[in-house]
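Fold and geometry: a report
If you want the building blocks of each chain, they are given just below.
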Amino acid sequence: MSSILITLLLLVVSNIFMTFAWYGHLKLSSAGISTNWPLYLVILFSWGIALLEYCCQVPANRIGFEGNGGPFSVLQLKVIQEVITLIVFVIFSLWAFEGFQIRWNHILAFAMLIGAVYLVFMK
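Presented here is an overview of the structure given in this document. (Residues numbered from 1 in each chain as written. Predicted model: local features only at pLDDT ≥ 70, side-chain atom pairs only at ≥ 80, totals over all residues. Heavy atoms only, no water.)

A separate point is helix 1 (residues 3-30). In this model, helix 1 (28 residues) spans 39 Å end to end at C-alpha, consistent with the 40 Å of a helix rising 1.5 Å per residue. For helix 1, the set of buried residues is Thr-7, Leu-11, Ser-14, Asn-15, Met-18, Thr-19, Ala-21, Gly-24 and Leu-28. In this structure, the buried side of helix 1 is in contact with helix 2 (39-64) and helix 3 (74-96). Looking one or two places after helix 1, you find Gly-32, whose phi comes out positive at around 85°. (Helix = DSSP H or I, 4+ residues; strand = E, 2+ residues; numbered from the N terminus. Expected span 1.5 Å × (residues − 1). Buried < 20%, exposed > 50% of the residue type's maximum accessible area, 1.4 Å probe, protein only. Contact = heavy atoms within 4.5 Å.)

Okay, the side chain of Gln-76 next. Its location among the elements puts Gln-76 in helix 3. When neighbours within four sequence positions are excluded, Gln-76 is seen to be in contact with Pro-71, Val-120 and Phe-121.

Leu-11, Ala-60, Phe-72, Leu-77, Ile-80, Ile-84 and Val-88 together form the largest nonpolar core, which totals 7 residues. Not counting residues up to four positions away in its chain, the partners in contact with Ile-84 are Leu-8, Leu-11, Val-12 and Asn-15. (Core = buried A, V, L, I, M, F, W, Y, C linked by side-chain atoms within 4.5 Å.)

Let us now look at the packing of aromatic side chains. This model, assessed by the stated rule, comprises 9 aromatic pairs. Aromatic side chains Trp-22 and Tyr-23 sit 6.3 Å apart centroid to centroid with 70° between the ring planes, which places their arrangement in the edge-to-face category. Their ring planes at 75° and their centres at 5.9 Å tell us that Phe-92 and Phe-97 sit as a pair that is edge-to-face. Residue class for Phe-92 comes out buried when judged on its relative accessible area of 5%. For Phe-97, a relative accessible area of 23% gives the class partly exposed. Chaining the aromatic ring pairs together yields one cluster made of Phe-20, Phe-92, Trp-95 and Phe-97. Between the NZ or CZ atom of Lys-27 and the centre of the ring of Trp-95, over which it lies, the distance is 5.8 Å. (Phe/Tyr/Trp six-rings, centres within 6.5 Å; stacked < 30°, edge-to-face > 60°. Lys NZ or Arg CZ within 6 Å of the ring centre and 35° of its normal.)

Shape descriptors only; they carry no functional weight alone.
In structure tokens, the structure reads:
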């Protein structure tokens with residue numbers, strides 16, 4: 001498997017974990033699961049999930065970084081990661097939060113991010 005594909009897959013998996021770590025507790029709370037949890041327990045729960053995120057994010061950056069023989073500059077890795085983060089976040093939010101809507105300005109913002117990916121890869 002190529003380092004490009006491995007990097008992208010690890011970034012997607014890490015962002016799934018990250019989104020659940022950052023916003024999953026809100027879904028658990030609204031579902032009544034963690035409503036009575038003290039804040040420190042919510043933080044520990046989120047940190048546990050974030051550990052899994054780091055277990056994918058760090059190897060993705062190491063494998064993908066051109067300084068380690070990968071195909072991407074550090075800026076390219078960051079822009080790719082941001083676009084993946086937004087895609088994962090939108091999918092998660094549509095699933096988890098009733099009333100979450102994508103409006104025209106969100107679509108325009110996403111288009112601008114796609115433009116950023118294009119620009120960062122220009123030679």
